[in-house]
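Architecture at a glance
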Amino acid sequence: MKSGAGCACEVLKSLLLVLASLFLLANGSLTVQAADVQTGILRVDYTTIAPISRYDRFFDDLGFAGGTLGNEDNLTTGAFLGHQYSLKTQSTTPDGAVEAGRAMVQEGIRFLVVLARAEDLLKIVDAVGPDTLVFNAAAPDNDLRQTACRANLIHIAPSRAMLADAIAQYLVWKKWTRWFLIEGSNPDDQKLAEAYRRAAQKFGARIVEERVYEDTGGSRRADSGHVLVQRQMPIFTQNAAEHDVVIAADESDVFALYLPYHTWDARPVAGSAGLQPLTFHAAHEAWGATQFQRRFEKLSGRPIRAEDYNAWLAVRVIGEGVTRTGTADAKTVEAYILSDAFELAAFKGQKVTFRSWNGQLRQPILLTDNKITIAVSPQEGFLHHRSPLDSMGLDEPESGCTAFTK
Amino acid sequence: MGLPTAKLRTFSTSLLLATCLATTSPALANKAFVSNERGNTVTVVDTETWEALAEFEAGNRPRGIGVSPDGKHLYVCASDDDSIKVFDTTTYEFLWSLPSGPDPELFVLSPDGHTLYVSNEDDNLVTVVDTLKKTIIAEVPVGVEPEGMAVSPDQKYVINTSETTNMAHFIRTDTYKIEHNILVDQRPRYARYTNDGQTLFVSSEIGGTVSVINAGGETGPVLEGKISFEVPGVQAEWLQPVGMRITSDNQWLFVALGPANRVAVINIPNREVEKYILVGQRVWQLEFTPDEKYLLTTNGNSNDITVIDVAAQEAIKSIQVGQQPWGVVVTPD
C-alpha cells in the first residue's frame, strides 16, 4: 500500500456508518436527508493519429455523455429523496491532468471518474488524496488491480485479464483451442498479449504460433489503402502452425482491423478485431438495454461507446451508494459499495457488484462483431464458488492488492 | 401493417373440437390471449380444451396485454408502434388505437375499465388514458424506466415501479401526484396487491427478491420485508422474479422466476416459498382463469405457455403459442 495509508481502517469505520444507515432504511421509509453529491469526470486526451476505422473516431463528449446520462438518472431518483447531484466534466492534456484533478477536488468534488491511461490515473489518484473516491473508467492495466492498487480507487473498466478471459471462455466453449497470437510492438499491446497467454493457460487453450506486428508509424488510412493491405496481410500470416483462430493483441489500433478476411488461412479473428470483448456497444439490446440506448441517443445524438457506458455505470454506482446510505460522504459510500449489501442493475442480465479485495467491478463482458452481441461471458459451465463472474479476471487467491485487506 | 383487417390464422381442427365441447358443456369456455413479443402476434387459447384457436397480428412488439371488464375488448401494448391497440375478443378484428405515450410496455386498467395507466419507459412517465374518450388525461413524472403497474383495490392509488430508480411510487388517482415512495431491490418489474388492499408485493428482477409492503400503515406504506428464492442446482443469478398473481383468498402468491424456468409458490401468511414449479423457459407473466383453477404462464424462450393446476400446485400441460410469448390475459366469465 503506497498512498492512502490508513485508509482501510477508515473504510471499516465507515462500514459501521453504512450499517447504521441501512438500519435506518430497513423499514423502507424514505426519510428525506439532504445530500449534495458533487461528481467530476476528468478525461485525459492524448495526441494520437486518426484510428483505422472512421467508426472509431473520437467524440468530443466521449465518456462525458454517458456520465451526464447517469447524472440525470441520479437526479430523477434524488428528487424523490431530497438528494442533489451535480456533475462537472473536464478534459485535459496529460501534462495538466494532476492540476485539473486537484482543482476539481478543491471545488468540493469527492467522487471523481477518470478516463486516462494507467500512469496518469495513478498520478491523479495520488494527487487528489485519500478523501476523494476515484473511479477508473478506462485503464485496463492488471497492475492497477494488483500491486499498484489504491484504497480509494475503484475500477469500473474491466482489466485486460477479464477481457482476455471473456474471449478465452468463448473460444474454449467453441473448442477453438489452438491460437495464433499476433501482438503489436507497443508496451500496451504486449501487456494484452500477456493477458491472452495467461487466459490460454487458465482455460486450457494452446498458443501454437506467435508473431509481432511492428508499429512502424505513419498514417493508418490512405485512399485505396486496402489494396496494399490485401497484399500484405496474407503474406504476414502465411505458414503459421495449424490453428483454429487468430488472436490479435493490438490496443494501439495499428493492424488488428486488417486481419479479418486477409489471413492466409481461412480462420476467424478475435481480440482487438473480429470478435471483441467490450463492456457495452451501441447495438446491445438484451435485458432492457434498448431503452438505455434510446435514452443515450436522445441525449447525445450519437451511438454509445464503451467509455460512455463505463462513465454512466460509475455515476450510477455513486448514485446507488448515496441512495442506499443517505449520505454523500465518500468513505461511507465506498464502504457500502464494497460490501455484500451493494448490488446494481446495469443492463447485463444480472446484478453487478465489487470485488472487495481489489475494488474491481464484477460484470458480464459482451462479445461483439461490432454489429450485434455474439455472446456474453462468462460462458455456461465456467463456474466459480463465489460467482461465475469471478471466473474472469483476477481472483482473490492470486490478488496482489493489499490496500483493501489491511 | 395490415392491422385494420386483422389476419386470422385459425386452426380448423381445434376450432371444431371447441365447438363440439361448447355444445356439450353448458359453461362458456374462456379465452386466453397471449402476446408474442417477437412474432408480432397474439395467440388465442381455449381454456377448456387448451387448444390454440387462432393467432392474429397485433402490431409491432406486443407485450403488455389486458381485457376490458366486460370481456369485449382486448388491449395490447404495441411497444414499437408507440400505441395500445384494441381488438375485438370475438372476431379478433382491430378496432382502434389508444394514445399511450412512447414505448408502452405494461399497463393496468381501472376495475371499471374506463382508465388505463401506462408506463412509458423512455420518458420516465406514467400516462393516464381515458379508454372511452381515447384521450390522455394526465402524465405523471416518475422514476427512471417505469415498468410495473398496479391499482389498489380501493382505487385510491396506482402503483408504478421504476426499474433504474428502484422504487415503488404510490400515485393518488384523484390528483395524479406521488404521495409515497418505497425503495426496493434492483430492477423492480411488477407490483401486485392482495385483494384486501393490505399488502403490496413488488418483484425485483435483478435484486432477486419480492418486497412485501404493508399498504395499510398508519403513516403510509411500510416495507415489511423481502422474500428471496433458492433452488438447488440453479445459480442464484438466474432466480429473477417477474410476473406475479395472488389467489383471491390472499393465501398464495405465485411468482414467475424468469430464466430459472420456475414459478415460486409463496404461502402469504407465512411469507415463505413452499414450492417451485418447473415450467417453460424464461417464464415471464402469469394469469389465472376466472375460477382460479388454473394459472397460465408465458414462457418466452420455449414459445409456449404452461398450465398450472392451482390447487395441486402442479404443471399439467403446455401449449405451443407464437414466438417469444410475453403477456397473457384471460377473458372474464
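Rules and cut-offs
- Residues numbered from 1 in each chain as written.
- Chains lettered and ligands numbered in written order.
- Predicted model: local features only at pLDDT ≥ 70, side-chain atom pairs only at ≥ 80, totals over all residues.
- Axes fitted to C-alpha atoms, helices over the stretch in contact; angles between N-to-C directions.
- Helix = DSSP H or I, 4+ residues; strand = E, 2+ residues; numbered from the N terminus.
- Parallel < 35°, antiparallel > 145°, perpendicular 65-115°, else oblique.
- Left-handed = near helix turned anticlockwise from the far one by under 90°.
- Contact = placed C-beta atoms within 7 Å.
- Nonpolar A, V, L, I, M, F, W, Y, C, P; charged D, E, K, R; others polar.
- Buried ≥ 20, exposed ≤ 12 C-beta atoms within 10 Å, placed from the backbone.
- Pairing = 2+ DSSP bridges.
- Core = buried A, V, L, I, M, F, W, Y, C linked by C-beta atoms within 7 Å.
- Domains from an automatic or database assignment.
- pLDDT = per-residue confidence, 0-100.
- Arc of directions from axis to C-beta.
- Expected span 1.5 Å × (residues − 1).

Residue and element names in this part refer to chain A. The N-to-C vectors of helix H6 (residues 160–173) and helix H7 (residues 187–203) enclose an angle of 45 degrees; their axes lie 8 Å apart at closest approach. What the angle tells us is that H6 and H7 run oblique. Considering only the axes of H6 and H7, their crossing is right-handed. Contact with H6, carried on its side by Arg160, Ala161, Ala164, Asp165, Ala168, Gln169 and Val172, involves Lys191, Leu192, Ala195, Tyr196, Arg198, Ala199, Ala200, Lys202 and Phe203 of H7 and no other residues of that element. Broken down by class, the residue content of the contact of H6 with H7 amounts to 10 nonpolar, 1 polar and 5 charged.

Before going further, it helps to examine the interface of chain A and chain B. Accessible area lost during the coming together of the parts is what is often quoted as the interface size. Facing 19 residues of chain A, the contacting portion of chain B comprises 22 residues. Listing elements by their share of the side of chain A that touches chain B, those giving two or more residues are helix H2 (64–79) and helix H9 (289–300) of chain A. Among the residues forming the side of chain A that touches chain B, the class breakdown is 6 nonpolar, 8 polar and 5 charged.

This next bit is on the pairing of strand E14 (residues 157–162) of chain B. All names here are of chain B. With respect to burial, E14 is a largely interior element, 6 of its 6 residues being buried. Sheet topology note: the strand E13 (residues 146–151)/E14 ladder contains 4 bridges and is antiparallel. By the bridge assignment for E14, Met149 is matched with Asn160. Taking the residues that link successive antiparallel strands as the turn, the E13-E14 hairpin has 5 residues, and the phi of Gln155 there is positive, at about 65 degrees. Bridge analysis of E14 against strand E15 (residues 167–172) gives 6 bridges, and the strand direction is antiparallel. Counted as the bridge partner of Tyr157 is Arg172 from E15.

This part takes up the sheet that holds strand E7 (residues 83–88) of chain B. All names here are of chain B. Reading across from one edge, E5-E6-E7-E8 is the order of the 4 strands in this open sheet, with antiparallel pairing throughout. Lying at the two open borders of the sheet, with one neighbouring strand each, are strand E5 (62–67) and strand E8 (94–99). Shown here is a sheet whose adjacent strand axes are inclined to one another by a mean of 25 degrees, direction ignored. Of the pairings in the sheet, the one linking E7 to E8 comprises 5 bridges and is antiparallel in character. Paired with Ser83 across the bridge in E8 is Pro99.

Turning our eyes to something else, we now look at the nonpolar core. All names here are of chain A. Of all hydrophobic cores here, the largest spans 116 residues; its most connected members are Val114, Val134, Ala137, Ile167, Tyr196, Ile247 and Ala314. By residue number, the principal contributor to this core is helix H10 (residues 306–325), which donates 10 residues. For this core, the domains that each give at least three residues are domain 1 (7–158 + 281–364) and domain 2 (161–277).

What follows concerns the domain arrangement of chain A. All names here are of chain A. Segmentation of chain A into domains returns domain 1 (7–158 + 281–364) and domain 2 (161–277). For domain 1 and domain 2, the distance between their C-alpha centres works out to 31 Å. Tallied by class, the residues present in the side of domain 1 that touches domain 2 amount to 6 nonpolar, 2 polar and 1 charged.

Take the pairing of strand E4 (residues 133–136) of chain A next. Residues and elements named next belong to chain A. Burial along E4 is two-sided: Leu133 and Phe135 facing one way and Val134 and Asn136 facing the other are all buried. Pairing of strand E3 (residues 111–115) with E4 involves 4 bridges; the strand directions are parallel. Across the sheet, Val114 pairs through a bridge with Asn136, a residue of E4. The pairing of E4 with strand E5 (residues 153–155) spans 3 bridges and is classified as parallel. Across the sheet, residue Phe135 finds its bridge partner in E5, namely Ile154.

All right, on to the confidence of the model for chain B then. All names here are of chain B. Scored by pLDDT, chain B has a mean of 91; 92% of the residues are at 70 or more. For residues 1–27, every residue scores under 50 in pLDDT, and the model assigns this stretch 40 contacts once sequence neighbours within four places are set aside. Under the prediction, the complex receives an ipTM of 0.83, its pTM being 0.88.

What follows concerns helix H3 (residues 97–106) of chain A. Residue and element names in this part refer to chain A. Where H3 is concerned, the buried positions are Ala97, Gly101 and Met104. Along the long axis of H3, the arc covered by the buried residues comes to 60 degrees, so they all point the same way. Along H3, the residues that are exposed and aim more than 90 degrees away from the buried face are Glu99 and Gln106. Those residues of H3 hidden inside the fold are in contact with strand E1 (35–44), strand E2 (83–92), E3 and helix H4 (118–128). Immediately downstream of H3, the backbone of Gly108 shows phi near 110 degrees, a positive value.

We now examine the sheet that holds E14 of chain B. Residues and elements named next belong to chain B. Pairing within the open sheet is antiparallel, and its 4 strands lie in the order E13-E14-E15-E16. Lying at the two open borders of the sheet, with one neighbouring strand each, are E13 and strand E16 (178–183). With strand direction ignored, the average angle separating the axes of adjacent strands in the sheet is 20 degrees. In this structure, E15 lies alongside E16, joined through 5 bridges in antiparallel fashion.

Side chains three or four residues apart in an α-helix point the same way, a direct result of the helix having 3.6 residues per turn. Residues and elements named next belong to chain A. Compared with the 16 Å implied by 1.5 Å per residue over 12 residues, the 16 Å span of H9 between its first and last C-alpha is a close match. Buried within H9 are the following residues: Ala289, Gln291, Phe292, Arg295 and Phe296. Relative to the axis of H9, the buried residues are bounded by an arc of 160 degrees and lie together on one face. Where H9 is buried, its residues contact H2 and H10. Just past H9, the residue Gly301 takes up positive phi, approximately 70 degrees.

A few words on the packing of H3 of chain A against H4 of chain A. All names here are of chain A. In the contact formed by H3 and H4, the axes pass within 9 Å of each other and the chain directions differ by 35 degrees. The handedness of the crossing between H3 and H4 is right-handed. In contact with Ala97, Val98, Gly101, Arg102 and Val105 of H3, H4 contributes Asp120, Lys123, Ile124, Ala127 and Val128. Of the residues in the contact of H3 with H4, the class split is 6 nonpolar, 1 polar and 3 charged.

To continue, consider the environment of Thr194 of chain B. Residues and elements named next belong to chain B. Within the secondary structure, Thr194 sits in the loop between strand E17 (188–193) and strand E18 (199–204). Judged by local crowding, Thr194 falls into the partly exposed class, with 19 C-beta atoms found within 10 Å. For the pair formed by Thr194 and Thr247, sequence separation is 53 residues and the distance between their alpha carbons is 8.2 Å. Contact partners of Thr194, with chain neighbours within four places excluded, come to Thr199, Ile246 and Asn250.

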